[in-house]
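Residues per chain are reported as follows:
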Amino acid sequence: MSTHHRYAVVGGQRLFYREAGPPDAPALVLLHGFPSSSFMFRGLIPRLADRWHLVAPDLLGFGLSDAPPVSEFTYTFDTLADLTARLLDQLGIHSYAVYVQDYGAPIGWRLAIRDPSAITAVISQNGNAYVEGLQTEFISTAQAYWYEQTPENEAGARQALTLDLTRWQYLTGVADETLVDPTTWTYDFALLSRPGNDLVQLALFQDYGTNPRLYPEVQRWFRESQVPLLAVWGRDDPIFGPDGARAFTTDLPAAHVHLLDGGHFLLESALDETVPLIRSFLSTSL
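Residues numbered from 1 in each chain as written. Predicted model: local features only at pLDDT ≥ 70, side-chain atom pairs only at ≥ 80, totals over all residues. Heavy atoms only, no water.

(A) Expanded view of the environment of Pro 242. When you line up the elements, Pro 242 lands in helix H10 (residues 242-246). Using a relative accessible area of 18% as the deciding quantity, one classes Pro 242 as buried. The sequence separation of Pro 242 and Asn 126 amounts to 116 residues, and the corresponding C-alpha distance is 8.3 Å. With sequence-adjacent residues up to four places away left out, Pro 242 is seen in contact with Trp 233, Arg 235 and Leu 259. (Helix = DSSP H or I, 4+ residues; strand = E, 2+ residues; numbered from the N terminus. Buried < 20%, exposed > 50% of the residue type's maximum accessible area, 1.4 Å probe, protein only. Contact = heavy atoms within 4.5 Å.)

Put into structure tokens, the structure is as follows:
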């Protein structure tokens, strides 16, 4: 099946998205993380498009979507979720499974809390919803910036915008680094380096502190809905550890949890192992 590359204007902002699969098939919305874009799903989408309708947007400020300066748009996870919800409504997608990774998780959780009946299933690929998943060594620098935006804390946060740390996110936890296409971190870093995009990312770093505070509400939704959930997780992710995947069974005893060899961007090194798990889960859940 062909993948289409489209744009939509939502709330005055031009959003890019990838779309594939039969329009009348069950929908799967793929939400990317930092510092990536829908580009991270380029290998997965063709493997699922025979049976499911796939939509993978680029969040505002990422990928090929608009990236207005912070003086023109208030970047928070709430506002990014608002745009995502409006895009899906514009596309006529009102019932869907959601695939979340990294930043995609707090976007997906907000969509679920706002309209629980819309979410038919969840695939979490290193998309966190429990404090158990937060890797202390990595998260401590981010937490300092959530709480106090001093020059020292900002300097620490800005390390996440460097080429070295962008590469580190892709390679850490991957046994055979030659499996990871260098285009990934090169592309991400080029977009992070656009004039003014550093302030966009710093605004989201600051707002990220709202996400752990949302976890109890997300977990309540899990308990009340018993939504089908697949956690397919890079076991050596230095950002969201495997305890975050295991924790889903606390509130969703029937959750399917698979820890695979790999890191934060599991699809780059373990796509062949991941696809059968996703197809099996979607076949029985949708």
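Picking up after the structure, the text goes on.
(B) A look at helix H12 (residues 267-285). With 19 residues, H12 should reach 27 Å at 1.5 Å per residue; the first-to-last C-alpha distance of 21 Å falls well below that figure. Along H12, the sharpest kink reaches roughly 55°, centred on Glu 273 and followed within four residues by the proline Pro 276. For H12, the complete set of buried residues consists of Leu 267, Glu 268, Ser 269, Ala 270, Leu 271, Thr 274, Val 275, Ile 278, Phe 281 and Leu 282. (Expected span 1.5 Å × (residues − 1). Bend = angle between axes of the 7 residues up to and from the residue.)

(C) Structural context of the pattern of salt bridges. Taken as a whole and assessed by the stated rule, the structure comprises 13 salt bridges. Its salt-bridge partner being Arg 235, residue Asp 261 comes within 3.1 Å of it at the nearest N-O pair. Pair noted here: Asp 261 is in the loop between strand E8 (256-260) and H12 and Arg 235 is in the loop between strand E7 (229-234) and H10, with a separation of 26 residues, a long-range link. Note on Asp 261: relative accessible area 60%, which makes it exposed. On the accessibility criterion, Arg 235 (34% relative accessible area) is partly exposed. (Salt bridge = Lys/Arg side-chain N within 4 Å of Asp/Glu carboxyl O.)

(D) Here's a closer look at the packing of aromatic side chains. What the rule picks out here adds up to 20 aromatic pairs. Here the aromatic rings of Tyr 130 and Phe 248 are separated by 5.6 Å at their centres, their planes lie at 90°, and the arrangement is edge-to-face. With Tyr 130 in the loop between strand E6 (119-124) and helix H4 (136-147) and Phe 248 in helix H11 (residues 248-251), this residue pair connects regions lying 118 residues apart in the sequence. Assessed through its relative accessible area of 3%, Tyr 130 is described here as buried. According to the relative accessible area criterion, Phe 248 is buried, its value standing at 0%. Connected via pairs of aromatic rings, a cluster forms that spans Phe 34, Phe 62, Phe 77, Tyr 103, Trp 146, Tyr 147, Phe 205 and Tyr 208. (Phe/Tyr/Trp six-rings, centres within 6.5 Å; stacked < 30°, edge-to-face > 60°.)

(E) How the structure looks around the packing of helix H5 (residues 151-158) against helix H8 (residues 197-207). Packing of H5 against H8 brings their axes to within 11 Å, and their N-to-C directions diverge by 105°. The orientation of H5 with respect to H8, classified from their angle, is roughly perpendicular. In this structure, H5 contributes Glu 154, Ala 157 and Arg 158 to the contact, and H8 contributes Asp 198, Leu 199, Leu 202 and Phe 205. Taken together, the residues that form the contact of H5 with H8 break down as 4 nonpolar, no polar and 3 charged. (Axes fitted to C-alpha atoms, helices over the stretch in contact; angles between N-to-C directions. Parallel < 35°, antiparallel > 145°, perpendicular 65-115°, else oblique. Nonpolar A, V, L, I, M, F, W, Y, C, P; charged D, E, K, R; others polar.)

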